[in-house]
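Residues per chain are reported as follows:
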Amino acid sequence: MSQSLNFRHAWIVFTKELSDTIRDRRTWWAMIILPIVIIPLMTLIGPRAAIKQIEDVRRTKSNVVVAGAERAPTLVQFLEASGQFNLVTADPATAIKDRQALAVVYVPADFEDRLRQEKPAQVRVAFDASDQKSSMVQEKVARILIAFSQATVTARLQARGYDPNLLTPLAINVENVAPKEQMGASFLGMILPMLMAMWSATGGLYAAIDVAAGEKERGTLEAILTVPVSRMSLAVGKYLVVVVSSLIAAAISLVGFAVAFKVSPVSMVPGQAATFSLTATQIGLIFLVALTLSAFFAAVELAVSSFARGFREAQTYLTPITFIVIIPWILTQFVSPADIPGWYYMVPVMNGMMAFKELVMGLVNPAHIRDTLVFSAIYVVVALRLAGRLFQRESVLFRS
Amino acid sequence: MVEVQGLTKRFNNLTAVDGVSFAARPGEIFGLLGENGAGKTTTLRVLATVLAPTSGDAVVNGFSVTREAQKVRASIGFVSSDAGLYDRLTARENVAYFGRLHGLPGPTLTKRIDVLFAWLDLKDAADRRVGKFSKGMKQKVCIARALVHDPPVMLLDEPTAGLDVTAIHAVDEFILRAKREGKTIIFSSHIMSEVEKLCDRVAIIHHGSIIAAGTMDELMAKRERFEDVFLRLIGGRHQ
């Protein structure tokens with residue numbers, strides 16, 4: 001049986017499968033609707049909810065119980081003067097559990113006496129570490145207690161005629177030198193590789209299932225095999241449709257992300273006004289890397305799909321592919337590009353993600369891009385060979 | 001012209017076709033009659049180059065199915081009973097896809113599709129998506145698709161199975177027209193009356209082997225009904 005590739009045949013198969021795919025609602029769902037809807041949801045609403053909680057605690061007065069308030073009038077007055085708390089009366093043992101307060105300050109009976117005697121007074125702060133709001137209020141309380149402590153020290157020093165600066169040999173200022181662009185890029189470097197890889201993988205999924213397993217299930221495969229077209233030409237035409245679908249999905253997810261970032265940059269990087277821009281070269285390289293990822297996933301998906309008996313079986317085999325994407329992402333999301341070992345750029349999927357990360361952060365390392373492209377090309381050829389071979393095996397073609 | 005010589009096809013331990021030989025001539029409808037699972041479909045699939053024979057060979061329109069598969073493919077139109085279509089494409093698009101793969105240039109293809117659709121009474125449905133077509137209409141589209149390149153050989157595997165009377169009549173008329181045009185037609189069926197109605201010569205296939213072959217007259221020389229001949233031959237094998 002002829003195995004040679006005929007480009008005209010592959011092109012006829014490609015155009016037919018493309019128009020067939022475009023008419024399939026499921027493809028639209030996976031390729032366009034999901035990336036357009038889910039990305040803004042993920043990137044805007046998710047972080048926004050977290051930010052809202054932080055702002056809530058920061059802006060409003062938080063309920064706090066001081067157990068033994070009558071024994072520590074100076075401390076109570078200091079807490080009230082900070083204007084950050086509502087001091088409520090409740091049973092300290094159950095106040096946090098019953099949500100009457102977010103933190104409880106326990107004051108010992110001899111609090112004022114020990115202050116006067118200039119001995120350490122034990123103050124205990126109870127909170128619920130499993131509750132984010134309670135944790136934040138605890139931090140707020142601790143800050144005010146430290147301020148109270150410092151005010152007391154200052155008063156004592158002044159009473160003895162010392163300069164309070166005696167205890168502050170260093171004035172420390174921490175400064176973030178990362179430009180706004182890099183703050184944005186660092187966050188994007190974490191999340192973008194995931195999104196691009198995810199949509200490179202899922203964008204072509206339905207097309208892959210439809211053109212191979214679907215052809216088998218509909219009973220059109222037998223007819224197409226009696227046409228004087230090499231099976232390699234068939235495989236390549238179908239393969240290109242899967243690649244194009246993946247690429248479109250990846251491109252749409254990138255555009256959706258860029259729009260979301262423009263609309264609400266602050267929500268993307270909590271607490272920071274980050275900006276983000278890419279040069280034309282970077283965008284070009286990002287799409288080149290997206291192409292290699294799409295090319296790889298498409299070949300794997302087509303190989304698996306042509307092995308399956310029908311839609312359902314193909315779907316069962318291919319669903320885990322989204323988890324395969326998540327694994328290298330979890331391994332590398334917090335790794336800075338400078339710390340990435342060179343061999344990462346030789347591992348399928350991982351190399352694409354790492355290259356994305358570098359490119360988004362403005363680093364163009366020719367050796368890494370070369371390795372990513374060369375090794376991806378090798379994996380694509382291997383996977384495509386497998387898909388092409390499966391199209392030629394009777395046992396696979398007629399498994400039903 | 002189709003010549004089958006000692007054709008055998010094995011799947012693992014199962015011998016589906018066992019040393020089958022026969023010949024069909026241009027302008028002739030050659031029937032393959034047998035029960036379900038007798039080996040008719042496997043034989044036709046080998047002739048259509050979808051399956052490779054384990055041993056033996058077949059020459060279709062002068063080309064060997066084992067050595068010149070691509071040329072065989074250009075010479076045949078293969079229709080099976082459970083063939084599918086692309087539901088999201090129109091009838092015309094389904095047929096045109098195969099026409100383009102056969103290398104028909106645009107204007108020729110359009111004309112050919114118009115002719116086939118006129119013969120098969122599909123003109124009104126030509127530009128509708130086939131997803132909601134009746135079984136009979138789908139089968140007509142399958143036939144048009146298989147014959148879009150006007151092949152000299154037609155391989156028909158139970159082409160009328162599951163169709164209603166009107167559709168069967170249309171398909172029968174189409175097959176007889178092809179016969180008049182001088183095509184070599186191999187027609188498989190498990191229904192004796194169908195074979196009786198259309199075929200010039202018949203081979204009865206059972207458990208992968210041909211147990212009787214000849215013209216309708218030869219097989220019915222004893223003036224028995226054809227069905228009785230068929231059952232007697234098969235029954236004899238069972239004992």
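Residues numbered from 1 in each chain as written. Chains lettered and ligands numbered in written order. Predicted model: local features only at pLDDT ≥ 70, side-chain atom pairs only at ≥ 80, totals over all residues. Heavy atoms only, no water.

**Q** For this particular structure, what's the right way to read the overall build of chain B?
**A** A tally of helices and strands in chain B yields nine helices and ten strands. Compactness check: chain B gives a C-alpha radius of gyration of 18 Å against a globular reference of 18 Å for 239 residues, within 12% of the reference. For chain B, the spread of C-alpha atoms along the three principal axes comes to 55 × 40 × 30 Å. Taken over 239 residues, chain B has a buried fraction of 54%. Per element, the accessible surface of chain B, about 10,200 Å² overall, is 49% carbon and sulfur. Side-chain charges in chain B split into 32 positive and 28 negative, and the spacing between the mean points of these groups amounts to 5 Å. (Helix = DSSP H or I, 4+ residues; strand = E, 2+ residues; numbered from the N terminus. Rg over C-alpha atoms; globule rule 2.2 N^0.38 Å. Buried < 20%, exposed > 50% of the residue type's maximum accessible area, 1.4 Å probe, protein only. Areas by Shrake-Rupley, 256 points an atom, 1.4 Å probe, with all protein chains shown as cover. Lys, Arg positive; Asp, Glu negative; His and termini not counted. Charge placed at Lys NZ, Arg CZ, Asp CG, Glu CD.)

**Q** How should I be thinking about the sheet that holds strand β8 (residues 184-189) of chain B in this particular structure?
**A** Two modes of strand pairing occur in sheets, parallel and antiparallel, and in both the strands are linked by backbone hydrogen bonds. Residue and element names in this part refer to chain B. If you trace the six strands from one edge of the open sheet to the other, you get β6-β7-β8-β3-β9-β10, paired in mixed fashion. Of all the strands in the sheet, just β6 (76-80) and β10 (209-215) have a single pairing partner and so form its edges. Here the strands of the sheet are splayed against their neighbours by 15 degrees on average, with no regard to which way each runs. The pairing of β6 with strand β7 (residues 153-157) spans five bridges and is classified as parallel. Each residue of the ladder has a partner; that of Phe 78, found in β7, is Leu 155. Those strands touched by helix α6 (residues 165-180) are β3 (29-33), β7 and β8, and its axis lies near 150 degrees from that of β8. (Pairing = 2+ DSSP bridges. Axes fitted to C-alpha atoms, helices over the stretch in contact; angles between N-to-C directions. Contact = heavy atoms within 4.5 Å.)

**Q** I would appreciate a short explanation of the interface of chain A and chain B in the present structure.
**A** Reports of interface size often rely on the accessible area that becomes lost once the parts have come together. Contact with chain A, which involves 30 residues of that partner, is made by 31 residues of chain B. Interface area, chain A with chain B, both sides summed: about 2,800 Å², of which 56% is carbon and sulfur. At the junction of chain A and chain B, the tally comes to five salt bridges. A:Asp24 is the salt-bridge partner of B:Arg88, the closest N and O atoms lying 3.6 Å from each other. At the boundary of chain A with chain B, the tally comes to nine residue pairs in polar contact (both at pLDDT 80 or more). Looking at the side of chain A that touches chain B, the elements that each hand over two or more residues are α1 (7-22), α7 (205-218) and α8 (221-224) of chain A. A total of eight residues in the side of chain A that touches chain B trace back to one element, the largest contributor, which is α1(A). (Buried area = accessible area lost by both parts, 1.4 Å probe. Salt bridge = Lys/Arg side-chain N within 4 Å of Asp/Glu carboxyl O. Polar contact = N/O pair within 3.5 Å; in protein donor to acceptor, adjacent residues only side chain to side chain.)

**Q** Hey, could you run me through the side chain of A:Ser135 in this one?
**A** Tracing the sequence through the fold places A:Ser135 in helix α5 (residues 132-159). Apart from residues lying up to four places away in sequence, A:Ser135 is in contact with A:Phe127, A:Asp128 and A:Ala129.

**Q** I tried to follow the pairing of β6(B) on my own but got confused; where do I start?
**A** Side-chain direction in a regular strand flips from residue to residue, so the side chains alternate between the two faces of the sheet. Extensive coverage of β6(B) is indicated by the burial of five of its five residues. Neither face of β6(B) is exposed, since B:Ile76, B:Phe78 and B:Ser80 on one face and B:Gly77 and B:Val79 on the opposite face are all buried.

**Q** Would you explain the side chain of A:Asn351 in this entry?
**A** As for its placement among the helices and strands, A:Asn351 is situated in helix α14 (residues 350-360). Residue classification places A:Asn351 among the buried positions, given a relative accessible area of 1%.

**Q** So what exactly am I meant to see when it comes to the domain arrangement of chain A here?
**A** Partitioning chain A into domains gives domain 1 (7-48 + 178-397) and domain 2 (62-167). In this structure, domain 1 of chain A and domain 2 of chain A have C-alpha centres spaced 55 Å apart. (Domains from an automatic or database assignment.)

**Q** It is not clear to me how the nonpolar core should be interpreted in this structure. Could you clarify?
**A** A:Ile224, A:Tyr239, B:Leu47, B:Leu155 and B:Ile186 are the most contacted members of the largest nonpolar core, which totals 155 residues. Ignoring anything within four residues of it in the chain, the contact list for B:Leu47 reads B:Val2, B:Val4, B:Phe22, B:Ala58, B:Val60, B:Val65, B:Val72, B:Ile76, B:Leu155 and B:Ile186. A:Val57, A:Val66, A:Phe85 and A:Val141 belong to the second largest nonpolar core, which has 20 residues in total. (Core = buried A, V, L, I, M, F, W, Y, C linked by side-chain atoms within 4.5 Å.)

**Q** Where do I start with the pattern of salt bridges in this structure?
**A** Here the idea is simple: oppositely charged side chains can pair when their charged atoms come close. Under the defined criterion, the tally for this structure stands at 28 salt bridges over all chains. Linking A:Glu17 and A:Lys238 is a salt bridge whose minimum nitrogen-to-oxygen distance equals 2.7 Å. One end of the pair, A:Glu17, is in helix α1; the other, A:Lys238, is in helix α9 (residues 231-263), with 221 residues separating them in the sequence. You can call A:Glu17 buried: its relative accessible area is 1%. On the basis of relative accessibility, which here comes to 1%, the residue A:Lys238 falls in the buried class. With a shortest N-O distance of 3.2 Å, A:Glu313 and A:Arg309 are connected by a salt bridge. Accessibility expressed as a relative area gives 40% for A:Arg309, which makes it partly exposed. Connected through shared salt-bridge partners, A:Lys16, A:Glu17, A:Asp20, A:Asp24, A:Asp210, A:Glu215, A:Arg218, A:Lys238 and B:Arg88 make up one network.

**Q** What is the right way to read the sheet that holds strand β1 (residues 62-67) of chain A from this model?
**A** All names here are of chain A. Read across the open sheet, the four strands follow the order β2-β1-β3-β4; overall the sheet is mixed. The open sheet has two edge strands, β2 (85-88) and β4 (124-127), and neither has a second partner. The mean inter-strand angle of the sheet, taken between neighbouring strand axes irrespective of direction, is 30 degrees. Note: strand β3 (residues 103-106) against β4, four bridges, orientation antiparallel. Bridging across to β4, Ala 103 finds its partner in Phe 127. Seen against the sheet, helix α3 (residues 73-81) touches β1 and β2 and runs at an angle of roughly 140 degrees to β2. Of the strands in this sheet, β1, β2, β3 and β4 touch α5, which is tilted by about 165 degrees from β4.

**Q** Explanation requested: helix α15 (residues 366-390) of chain A in the structure shown.
**A** Given 3.6 residues per turn, any residue in an α-helix points the same way as the ones three and four places further on. All names here are of chain A. In a regular helix each residue adds 1.5 Å, so 25 residues correspond to 36 Å; α15 covers 36 Å between its end C-alpha atoms and thus fits that length. The complete set of buried residues in α15 reads His 368, Ile 369, Asp 371, Thr 372, Ser 376, Val 380, Ala 383, Leu 384, Ala 387, Gly 388 and Leu 390. The N-capping residue of α15, defined by a side-chain oxygen 3.0 Å from the backbone nitrogen of Ala 367, is Asn 365. (Expected span 1.5 Å × (residues − 1).)

**Q** What is the right way to look at unusual backbone geometry in this model?
**A** Backbone phi values are negative for most residues with the exception of glycine, while trans is the configuration of most peptide bonds. Residue and element names in this part refer to chain B. Located in the positive-phi region is Asp 121, a residue other than glycine, with phi close to 60 degrees. With respect to the secondary-structure elements, Asp 121 resides in the loop between α4 (106-119) and α5 (135-146). The phi torsion at Asp 150 lies on the positive side, around 55 degrees, for a residue other than glycine. You can see Asp 150 is positioned in the loop between α5 and β7.

**Q** Mind showing me how you'd approach α5(B) here?
**A** All names here are of chain B. If you check α5, its first and last C-alpha atoms are 16 Å apart, about what twelve residues at 1.5 Å a residue would give, namely 16 Å. Extensive coverage of α5 is indicated by the burial of nine of its twelve residues. Buried within α5 we find Gly 136, Gln 139, Lys 140, Val 141, Cys 142, Ile 143, Ala 144, Arg 145 and Ala 146.

**Q** In this structure, what is going on with the pairing of β3(A)? I would like to understand it.
**A** Bridge count for β1(A) against β3(A) is four bridges, and the pairing is parallel. Looking at β3(A), one finds that A:Val64 is bridged to A:Ala103.

**Q** Before we go on, may I ask you to explain the environment of A:Ser230 in this structure?
**A** All names here are of chain A. Along the polypeptide, Ser 230 turns up in the loop between α8 and α9. You can call Ser 230 buried: its relative accessible area is 4%. The sequence separation of Ser 230 and His 9 amounts to 221 residues, and the corresponding C-alpha distance is 8.3 Å. Within polar-contact distance, the side chain of Ser 230 engages the side chain of Ser 233 at 2.7 Å.

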